[in-house]
Amino acid sequence: MSERQNDEGAGPEVDPDDAIRARLVELAEEAALAEGDDAARLHAEAAAGLTALGDLYAAEVALAEAFEAAEDPALQAEYLYGRGVLQAEQPDRAERADGTLVKAKAMAFVLGDFDLELKATKRLIKLRTAQLRLDEAIGALTDLIERLGQVGRRMDLLHALRLRANLYLGQGPFRLKKVMEDLDHAVALAERLDQPAIAFQLRMERRGVHDYLGGGATPERLEDMLEEARALGDEGLAGQVRFAQATAAMRQGRPAEAEEHATAAREGALEDDDPVRYVLACMVIAEARDAQGDRAGVIEILLRCKSSLEDRLGREAGQQVVVVLDSLQHRWGGQQAVVEALAEYRARMAAEG
């Protein structure tokens, strides 16, 4: 049979890409006869089809045609923003994207379309961050923070402050004061907006920055934060605190305590079905056991971690643990140490039945 049949046998299946290509031919014919905003909308529809086909350059050209045909400034601004997004996705056009997005942002401001202005600014910040132009990304974000304050978009302001803190953090320890200022502002804003879980998360981030870079006010006690997370009824937040307790204990040379906290974090991650937190907790348990000389225990937790990931997410998910297992030979000074640890692990499993 030369043509594939659908499940009901009602006729040949239509290739979605072929349907798009056929529609593109129709759009080109219709656009040639149309004028103004009608023509612009047809070019914009063609751009969407070309994007679906993966031809981003042709899609960008179609949006340029839509921009030129449009008479409505609101449509022009939307098409200009779309061009910037498409340019940003093409490595050889990314440099042009910056200027296009700046123009789209300016047009949206003049038109009073804050949602489009916000979209264009966010995409501009993402582009500059990806290009490691952090000073320029922070500059655009600082302008956005001022605008968000002006228009009263307080939840967006909260997220913008958090993002700027992360960008400042990416510039290194000399930006610590700026990082802390933004996180302090964000925490206070989250509390005013009655967002206790977000405020708590931000406080955890602030404490993590303190531990990582040092300096600033004395950090909150993790024991107190654990009780607060439990009072909120948020096991995810409680698990983050237990993980922070585990890493702090490891840094301070208390591996047995670190293992206890990491085990609790691991169990919480299993209950929450949080694979990232689960893997991180397992790695701290392995590190703690290694520090205590329990190499068989290291093998045990890594194999358990691998098995759990594969059960939940598929075979490929366990490969990240395989990499850690393979590194043990180098870490322990040779293959013989791994063989001995494996033998002890198997003996333990046999004894436990």
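First things first, this report covers the structure right here in the doc. Source: prediction; values computed, not measured.

Describing the overall build of the chain
- Within the chain, the regular secondary structure consists of 17 helices and zero strands.
- On C-alpha atoms alone, the chain measures out to a radius of gyration of 27 Å, which is more than a quarter above the 20 Å that the 2.2 N^0.38 rule sets for 353 residues.
- At a minimum sequence separation of 6, the contacts of the chain that also span at least 24 residues come to 51%.
- Accessible area for the chain stands at about 19,200 Å²; split by element, carbon and sulfur atoms hold 51% of it.
- The positive charge centre, built from 43 side chains, and the negative charge centre, built from 66, are 7 Å apart in the chain.

Digging into the nonpolar core
- Among the nonpolar cores identified, the biggest contains 43 residues, and Ile125, Leu141, Leu148, Leu167 and Leu202 are the most heavily contacted of them.
- Within the residue set of this core, elements represented by two or more residues are α4 (73-88), α5 (94-111), α6 (114-130), α7 (134-151), α8 (154-170), α9 (176-192) and α10 (196-213).
- Leave out the neighbours within four places in its chain, and Leu202 touches Leu158, Arg162, Leu183, Ala186, Val187 and Ala190.

Quick word on a negative patch on the surface
- Taken together, the side chains of Glu35, Asp38, Glu71 and Asp72 define an acidic patch exposed on the protein surface.
- Here Glu35 shows up in the loop between α1 (16-33) and α2 (36-52).

Some remarks on the pattern of salt bridges
- Counting across every chain of the model gives 35 salt bridges.
- The residue Arg175 makes a salt bridge to Asp135 at a minimum N-O spacing of 3.9 Å. Of this pair, Arg175 sits in the loop between α8 and α9 while Asp135 is found in helix α7, placing the two residues 40 residues apart along the sequence.
- Judged by its relative accessible area of 53%, Asp135 is exposed.
- Connected through salt bridges with shared partners, the residues Asp184, Arg203, Arg206, Glu220 and Glu228 form a single ionic network.

Some details on the environment of Met155
- Topologically, Met155 is positioned in helix α8.
- Residue classification places Met155 among the partly exposed positions, given a relative accessible area of 31%.
- Taking the C-alpha atoms as reference points, Met155 and Leu189, 34 residues apart in sequence, are found 8.6 Å from one another.
- Dropping the residues within four chain positions of it, Met155 is found in contact with Leu193, Gln195 and Ile198.

Overview of helix α14 (residues 275-291)
- Counted at 1.5 Å a residue, the expected span for α14 with its 17 residues is 24 Å, and the 24 Å between its end C-alpha atoms agrees.
- Those residues of α14 that fall on the buried side of the exposure criterion are Arg277, Tyr278, Val279, Ala281, Cys282, Val284, Ile285, Ala286, Ala288, Arg289 and Asp290.
- The elements touched by buried residues of α14 are α12 (235-251), α13 (255-272), α15 (295-313) and α16 (319-331).
- The residue sitting at the N-terminus of α14 and contributing the capping side-chain oxygen is Asp274; that oxygen lies 3.3 Å from the backbone nitrogen of Val276.

What about the packing of α7 against α8?
- Interhelical geometry of α7 versus α8 gives an angle of 160 degrees and a closest axis separation of 10 Å. Considering the angle they form, α7 stands roughly antiparallel to α8. For the pair α7 and α8, the crossing hand works out as left-handed. Judged by residue contacts, Leu134, Ala137, Ile138, Leu141, Thr142, Ile145 and Leu148 of α7 engage Asp156, Leu157, Ala160, Leu161, Leu163, Arg164, Leu167, Tyr168 and Gly170 from α8.

Concerning the environment of Gln320
- Tracing the backbone shows Gln320 in helix α16.
- Relative accessible area serves as the criterion here: at 45%, Gln320 is assigned to the partly exposed category.
- With 41 residues separating them in the primary sequence, Gln320 and Val279 have C-alpha atoms 9.3 Å apart.
- Ignoring sequence-local partners within four residues, the contact set of Gln320 consists of Val279 and Leu309.
- A distance of 3.2 Å separates the side chain of Gln320 from the backbone oxygen of Ala317, its partner in a polar contact.

A short note on the side chain of Gln171
- Residue placement: Gln171 occurs in the loop between α8 and α9.
- Exposure remark for Gln171: the relative accessible area of 17% places this residue in the buried category.
- Within the local environment of Gln171, its side chain forms a polar contact with the side chain of Asp135, the two groups lying 2.6 Å apart.
- In this structure, Gln171 is in contact with Leu134, Asp135 and Ile138, ignoring residues within four places of it in sequence.

Things to note about the environment of Leu309
- Take Leu309: it is sitting in helix α15.
- For Leu309, a relative accessible area of 3% translates into the label buried.
- Once the C-alpha coordinates of Leu309 and Pro255 are considered, the two residues, 54 residues apart in sequence, prove to be 25 Å apart.
- Look past the residues within four positions of Leu309 in its chain and what remains in contact with it is Pro275, Tyr278, Val279, Gly314, Ala317, Gly318, Gln320 and Val321.

A short note on α13
- Taking 1.5 Å per residue, 18 residues should reach 26 Å; α13 reaches 25 Å between its end C-alpha atoms and fits that length.
- Where α13 is concerned, the buried positions are Pro255, Ala258, Glu259, His261, Ala262, Ala265, Arg266, Gly268 and Ala269.
- Among the structural elements, α12, α14 and α15 are those in contact with the buried residues of α13.
- At the C-terminal side of α13, Asp273 shows a positive phi close to 55 degrees.

Parameters at a glance
In every chain, residue numbers begin from 1 and rise along the written sequence. Owing to the predicted nature of the model, reporting of local features is limited to residues with pLDDT of at least 70; listing and counting of side-chain atom pairs is limited to 80 or more, with chain, interface and lining totals taken over all residues. To get the side-chain values, take all heavy atoms of the structure and skip hydrogens and water. Under the scheme used here, helices are H or I runs from DSSP no shorter than 4 residues and strands are E runs no shorter than 2 residues, and both carry numbers assigned from the N terminus. To get the radius of gyration, use the C-alpha atoms; to get the globule rule, take the number of residues to the power 0.38 and multiply by 2.2 Å. The criterion used for residue contact is that any of the two residues' heavy atoms lie within 4.5 Å. Here the accessible surface of atoms and residues is derived via Shrake-Rupley with a 1.4 Å probe, and residues count as covered only by protein chains that are part of the display. Under this rule, positive means Lys or Arg and negative means Asp or Glu; His and the chain ends count for nothing. Lysine's charge is taken at NZ, arginine's at CZ, aspartate's at CG and glutamate's at CD. Nine residue types can take part in a nonpolar core, namely buried Ala, Val, Leu, Ile, Met, Phe, Trp, Tyr and Cys, and a core is a set of them joined through side-chain atoms within 4.5 Å. For each residue, the accessible area found with a 1.4 Å probe, counting protein chains only, is set against the maximum for its type, and the residue is called buried under 20%, exposed over 50%, and partly exposed in between. Like-charged residues within 9 Å of one another, or nonpolar side chains (Val, Leu, Ile, Met, Phe, Trp, Tyr) within 5 Å, are grouped into patches, provided each residue has over 30% relative accessible area and no salt bridge. Criterion for a salt bridge: a side-chain nitrogen of Lys or Arg within 4 Å of a carboxyl oxygen of Asp or Glu. Given a helix with a known number of residues, its expected span is that number minus one, times 1.5 Å. Here a polar contact means two N or O atoms within 3.5 Å. Within protein one must be a hydrogen donor candidate and the other an acceptor candidate, and residues neighboring in sequence count only if both atoms are side-chain atoms. Structural elements are reduced to axes, namely lines fitted to C-alpha atoms, with helices fitted over the stretch in contact, and the angle between N-to-C directions of any two is expressed from 0 to 180 degrees. Roughly parallel here means an angle under 35 degrees, roughly antiparallel means over 145, roughly perpendicular means 65 to 115, and every remaining angle is called oblique. By convention the crossing between two helices is left-handed if the near helix lies anticlockwise of the far one by an angle smaller than a right angle, and right-handed if it lies clockwise.

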